[in-house]
Every structure is written in C-alpha cells, then in structure tokens.
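Here are the chains, one letter per residue:
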Amino acid sequence: MAQVNLLDFDASGLTDWCSAKGERPFRSRQLLRWIHRNGESDFGQMTDLAKSLRTMLEGAAIILPPPVVSDKTASDGTRKFLFDVGAGNAIETVMIPEAGRRTLCVSSQAGCALACTFCSTGRQGFNRNLSVSEIIGQLWSVSRLIRASDSGDDSMDHAITNVVMMGMGEPLTNYENLIPALRLMLDDNAYGLSRRRVTVSTSGIVPAMDRLSQECPVALAVSLHAPTDELRDRLVPINKKYPLAELMAACRRYLEFAPRDFVTFEYVMLAGVNDSLADARRLVELVSDVPCKFNLIPFNPFPDSGLTCSARDQIKRFADLLMKADIVTTTRKTRGDDIDAACGQLAGLVRDRSRRTEKATFTHPAFGRVSKTIPLEVKR
Ligand code: SAH
Ligand code: SF4
C-alpha cells in the first residue's frame with residue numbers, strides 16, 4: 001500500500017485520517033504539532049506517541065517535502081531555495097529578513113498559465129499545480145533549515161513570521177490545494193501565523209477572491225499594474241475575463257471579511273508603459289472607493305522581455321502623486337539581486353507542457369545558469 005504523505009493534510013484532514021485508523025482526535029493534534037511545530041519527520045522521535053501508533057505511522061505514512069536542490073544567500077541576507085518537484089521542474093522560495101521579521105515568499109504552481117507580459121514565470125507557461133505538501137513543504141523545510149542555523153533556538157516558532165503567496169504561480173487558480181496550506185499556516189498547532197501576516201497575491205481571479213473571503217480570509221494583495229482596461233488587457237490578460245470594474249467591486253467585498261482594512265495594490269513600474277503621471281492620476285480615480293495601499297515594484301528585467309524599469313525619479317514622482325492623494329505608497333526595495341531572488345525572477349526551471357512545440361525545452365533565459373546546480377531527474 002502506498003504511504004500517505006502527512007504534509008498533504010491540514011488539521012481536519014489529519015483528524016479524519018487518524019480516526020479512520022482508529023486514533024482519537026487528540027492524537028492527531030499531537031502529531032500535527034510534531035510535524036509542523038517541531039519540524040519532525042521521524043516518527044521514532046515522536047516520544048509521547050504510543051509505540052503502537054508510531055509503528056502504524058512508520059508503515060502507513062511519510063513526511064515528505066520536495067527536496068531542496070539549491071540554497072543560496074545573497075549579500076543582503078535574502079536566501080533563495082530551489083525545490084525539485086519532479087519531472088525536471090523546480091520551484092523557488094525566497095526568505096527575506098527584515099528588522100524583527102522574516103518573510104517567506106512561497107510558490108503555488110510550477111509555471112503560470114496567465115502569461116502576464118512582464119513576468120518571467122508567465123513566460124514559461126504552465127506546468128501544473130503544486131500539491132498541499134509541495135506548498136506547505138516550502139514553509140516546513142525553510143523553517144527547519146533556519147532553526148538549524150539559529151543557534152540556541154530549537155522551536156519552529158518565529159522562524160518565519162510572515163508568508164506572502166508571491167512566488168511562482170497564481171495561487172487562486174490552485175484554490176483547492178492553497179486552502180489547506182493556508183489553514184496550516186494559521187493553525188496554532190502548526191505555524192500559528194495571524195491572518196494579517198499571511199498574504200495571498202492575485203492577478204484578480206474574482207470568483208476565487210469571493211470564496212477566499214468566506215473560507216479563509218487572509219491579507220490580500222492585488223496585482224493591478226494598469227489604470228485602464230485597455231492597458232491592463234495587454235499586461236495582465238486575465239483582465240479580459242475579470243475587468244477592472246469587477247475587480248474593484250471584488251476588492252470592496254473582500255474587505256468586509258478581511259483581517260486588514262485595506263487591500264495592497266501591487267504595481268510594477270514599466271518605463272513608458274504604465275508609469276506616467278496621467279496613469280497615476282487615473283489610478284487615484286480608479287481606487288477612490290477602495291481602501292488601499294500601493295506597493296510600487298521596480299520592474300525586474302529579464303532577457304527578451306522588451307520592457308525596461310521606470311527611472312528612479314519617475315517612480316518617485318509617481319509615488320508622490322499617489323501620496324498627495326492620501327494613498328499610502330511604498331516602493332519595494334530590490335532584494336537578493338546577486339542571486340536572482342528579486343521579484344519576477346522566480347523562474348525556476350519548468351517544463352512547459354502547454355506549448356507543445358517546446359515540450360522538451362526550458363524557456364527560462366537563465367536556464368543555462370540554473371541547470372548547473374540542478375540534476376534534471378532527482379531520484380526520490
Ligand atoms: N500570480 C500572483 C502572485 C505571484 S507574482 C500575482 O500575479 O499576483 C508576485 C508579484 O510579482 C506580482 O505582483 C507580479 O505582478 C510581480 N511581478 C511579476 N513579474 C515581475 C517583474 N519582472 N518585475 C517586477 N514584478 C514582477
Ligand atoms: Fe502568473 Fe502572477 Fe506572473 Fe501573472 S504575474 S504570469 S499571474 S505569476
């Protein structure tokens with residue numbers, strides 16, 4: 001019988017599985033704590049579980065995150081991990097240390113189907129959704145690795161203080177696997193993060209935003225990137241399906257249930273494309289009835305994108321105009337430059353099954369560099 005990967009279960013899934021094995025709910029809580037609070041993967045070490053339970057677990061279950069195939073730290077402390085998710089695909093996870101906190105940027109898919117023109121993940125096409133264990137496995141593994149390097153602190157608590165679903169992929173098109181992973185992040189017997197410290201970033205999948213507001217409201221970031229439908233249709237093609245008026249209405253509905261009283265709008269700064277002061281004025285108008293903050297992201301160029309980042313002065317003028325309209329605006333610092341860990345560089349190594357003609361090729365321009373560190377087929 002195939003072993004079950006316990007990283008695929010949130011608390012209720014684990015309780016169901018344990019009860020099917022004749023175990024009582026408090027046992028599943030103990031097990032959940034061992035796995036996620038202590039980062040334990042060896043059932044033999046779970047000393048307060050009955051010997052009979054440990055024996056059952058050793059036969060029937062496994063705790064298996066995707067393997068880490070690369071772990072690099074940039075000069076500013078940003079640390080980038082590459083996880084092998086099989087069949088030649090790798091995903092990226094970035095840990096960003098800041099005063100008093102550590103934020104983990106987590107991936108939700110290998111590739112992305114939404115094909116935003118400025119995004120190197122989107123350029124790779126879509127391979128597949130990540131499973132719950134592959135999503136939560138990023139947090140599980142990084143927490144363990146950090147704990148190992150934090151001398152004297154043997155708790156998983158505070159290893160990671162914030163999670164942003166801003167890695168590769170569109171989290172809201174992998175909704176079924178996203179929700180159990182989010183629930184684990186929030187669970188006091190697992191990572192115990194507050195809803196305000198877990199952020200889902202979306203390009204604007206309106207029906208899934210409504211579901212999220214009901215089923216697992218966490219902080220929300222929306223990738224806006226343009227003030228008009230005409231421009232957003234070109235930059236974020238999903239806009240044709242869920243245009244701006246619908247997206248703004250969905251943001252307002254979400255805020256009724258959100259743990260924070262604002263939405264964060266992400267806005268990538270593209271020279272001569274979306275960065276004029278007229279664009280900024282239109283934005284002010286567009287968001288006039290959505291309580292929000294703006295996060296301006298300097299575009300991270302990649303070869304053949306045909307796009308360049310706005311000049312620093314222009315970003316400043318753009319931000320000033322928003323701030324004069326009383327919109328709190330931050331400009332994202334570029335982090336981890338020397339290891340390609342900056343936003344939009346999260347390209348990994350993804351076989352694109354959606355473009356038949358390129359089936360066996362890796363389309364990310366940095367592939368040559370990445371391939372030196374990753375065996376294409378890692379045996380499990
Ligand atoms: N799919 C989700 C989350 C992942 S992308 C989304 O689109 O929101 C995380 C953020 O990085 C998004 O705001 C995205 O627009 C931005 N991004 C993508 N490519 C970028 C690039 N080359 N430079 C700067 N930001 C980029
Ligand atoms: Fe997908 Fe987000 Fe990239 Fe758009 S910006 S292609 S939604 S990962």
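A quick note: this is a predicted structure, and the numbers were derived from the prediction, not measured.

> Could you clarify how one ought to interpret the nonpolar core in this entry?
One recurring pattern in soluble globular proteins: nonpolar side chains tend to sit buried together. Among the nonpolar cores identified, the biggest contains 103 residues, and Leu182, Phe265 and Phe294 are the most heavily contacted of them. Top contributing element to this core by residue count: helix α6 (residues 175-186), with eight residues. Discounting residues that sit within four places of it in the chain, leucine 182 has contacts with Met165, Val198, Val200, Leu212, Cys216 and Val218.

> Any chance you could explain the sheet that holds strand β9 (residues 162-165) here in plain terms?
Reading across the sheet, the 10 strands line up as β3-β4-β5-β6-β9-β10-β11-β12-β13-β14 and stay open at both edges, with mixed pairing between neighbours. Strand pairing shows two members of the sheet lacking a second neighbour, β3 (68-73) and β14 (328-331), which therefore form its edges. Averaged over all pairs of adjacent strands, the angle between strand axes in this sheet comes to 20°, irrespective of strand direction. The strands touched by helix α9 (residues 244-255) are β11 (219-223) and β12 (263-269); relative to β12, the strand with the most contacts, the crossing angle is about 145°. Where helix α11 (residues 312-324) meets the sheet, its contacts fall on β12, β13 (292-298) and β14, and the angle it forms with β13 comes to roughly 180°.

> Sorry if this is basic, but what is going on with the pairing of strand β6 (residues 101-105) here?
Successive residues of a regular strand alternate their side chains across the two faces of the sheet. Strand direction decides the pairing type here: strand β5 (residues 90-98) and β6, joined by five bridges, are antiparallel. Within the sheet, the bridge partner assigned to methionine 95 lies in β6 and is leucine 104. Between β5 and β6, which pair antiparallel one after the other, the connecting turn spans two residues, and glycine 100 there sits at a positive phi close to 75°. Where β6 lies against β9, three bridges are found, and the strand directions are parallel.

> Explain the confidence of the model for the protein to me, please; I cannot follow it from the model alone.
Caution applies to low-pLDDT parts of the model: their predicted coordinates are not meant to be read in detail. Within the protein, residue pLDDT values average 89, and 87% of them lie at 70 or more. Counted against residues more than four places away or in other chains, residues 355-380, with its pLDDT under 50, gives 43 contacts.

> Explain the pattern of salt bridges here, please?
Pairs can form between side chains of opposite charge whenever their charged atoms are close. Enumeration over the complete set of coordinates arrives at 12 salt bridges. Between glutamate 176 and arginine 211 there is a salt bridge, with the nearest N and O atoms lying 3.3 Å from each other. Remark: arginine 211 occurs in helix α7 (residues 206-215) and glutamate 176 occurs in helix α6; sequence separation between them is 35 residues. Assessed through its relative accessible area of 53%, glutamate 176 is described here as exposed. Arginine 211 sits in the partly exposed class, given a relative accessible area of 36%. Here aspartate 289 makes a salt bridge to arginine 252, at a shortest N to O gap of 3.0 Å. Highlighted residues: aspartate 289 in the loop between α10 (277-286) and β13 and arginine 252 in helix α9, separated in sequence by 37 residues. Given a relative accessible area of 45%, aspartate 289 falls into the partly exposed group. Several salt bridges share partner residues, and in doing so they unite Glu176, Arg211 and Glu215 into one network.

> Can you help me understand helix α5 (residues 132-149) in this one?
Every α-helix carries 3.6 residues per turn, so stepping three or four residues along brings you back to the same face. Under the 1.5 Å per step criterion, the end-to-end length of α5 is 26 Å for 18 residues, consistent within 8% with the ideal 26 Å. A maximum bend of about 25° is found in α5 at glutamine 138.

> What's the story with the packing of aromatic side chains in this structure? I'm lost.
The geometry of an aromatic ring pair comes down to the distance between the two centres and the angle between the two planes. Within this structure, the stated rule accounts for five aromatic pairs. Counting every residue linked through ring pairs, the aromatic cluster contains Phe265, Tyr267, Phe294 and Phe318. In this structure, lysine 293 is placed above the aromatic ring of phenylalanine 262, and the distance from its NZ or CZ to the ring centre is 4.2 Å.

> Just checking my understanding: could you explain the side chain of glutamate 23 for this structure?
As for its placement among the helices and strands, glutamate 23 is situated in the loop between α1 (11-20) and α2 (25-37). The side chain of glutamate 23 is buried and forms no salt bridge, while arginine 27, the nearest opposite charge, is found at 4.4 Å. Sequence-distant contacts of glutamate 23, defined by excluding residues within four places in its chain, comprise Cys18, Leu53 and Met56.

> What is the right way to read the packing of α10 against α11 from this model?
Helix packing geometry: the angle between the two helix axes and the distance between the axes. Running from N to C, α10 and α11 cross one another at 25°; their axes reach a closest spacing of 9 Å. Judged on the interaxial angle alone, α11 and α10 are roughly parallel. Here the hand of the crossing between α10 and α11 comes out right-handed. Here α10 contributes Leu277, Asp279, Ala280, Arg281, Leu283 and Val284 to the contact with α11, which in turn contributes Gln314, Arg317, Phe318, Leu321 and Leu322.

> Whenever I open this one, the site of ligand 2 confuses me. Can you help?
All residues adjacent to ligand 2 are Cys112, Leu114, Ala115, Cys116, Cys119, Gly122, Gly169, Glu170 and Ser203. Its residues assigned to classes, the shell around ligand 2 shows five nonpolar, three polar and one charged.

> Would you mind showing me how to read the site of ligand 1 here?
Among the 20 residues in the neighbourhood of ligand 1, the closest are listed as Phe118, Ser201, Ser223, His225 and Asn300. Between ligand 1 and the protein, one listed contact pairs a nitrogen atom with a backbone N or O atom of phenylalanine 118 at 2.8 Å. One of the side-chain nitrogen or oxygen atoms of serine 201 is found 2.7 Å away from an oxygen atom of ligand 1. Mapped onto the shell around ligand 1, the elements with two or more residues apiece are β10 (198-202), β12 and β13. Its residues assigned to classes, the shell around ligand 1 comprises nine nonpolar, nine polar and two charged.

Rules of the game
- Residues numbered from 1 in each chain as written.
- Chains lettered and ligands numbered in written order.
- Predicted model: local features only at pLDDT ≥ 70, side-chain atom pairs only at ≥ 80, totals over all residues.
- Heavy atoms only, no water.
- Core = buried A, V, L, I, M, F, W, Y, C linked by side-chain atoms within 4.5 Å.
- Buried < 20%, exposed > 50% of the residue type's maximum accessible area, 1.4 Å probe, protein only.
- Helix = DSSP H or I, 4+ residues; strand = E, 2+ residues; numbered from the N terminus.
- Contact = heavy atoms within 4.5 Å.
- Pairing = 2+ DSSP bridges.
- Axes fitted to C-alpha atoms, helices over the stretch in contact; angles between N-to-C directions.
- pLDDT = per-residue confidence, 0-100.
- Salt bridge = Lys/Arg side-chain N within 4 Å of Asp/Glu carboxyl O.
- Expected span 1.5 Å × (residues − 1).
- Bend = angle between axes of the 7 residues up to and from the residue.
- Phe/Tyr/Trp six-rings, centres within 6.5 Å; stacked < 30°, edge-to-face > 60°.
- Lys NZ or Arg CZ within 6 Å of the ring centre and 35° of its normal.
- Lys, Arg positive; Asp, Glu negative; His and termini not counted.
- Parallel < 35°, antiparallel > 145°, perpendicular 65-115°, else oblique.
- Left-handed = near helix turned anticlockwise from the far one by under 90°.
- Near = heavy atom within 4 Å.
- Nonpolar A, V, L, I, M, F, W, Y, C, P; charged D, E, K, R; others polar.
- Polar contact = N/O pair within 3.5 Å; in protein donor to acceptor, adjacent residues only side chain to side chain.

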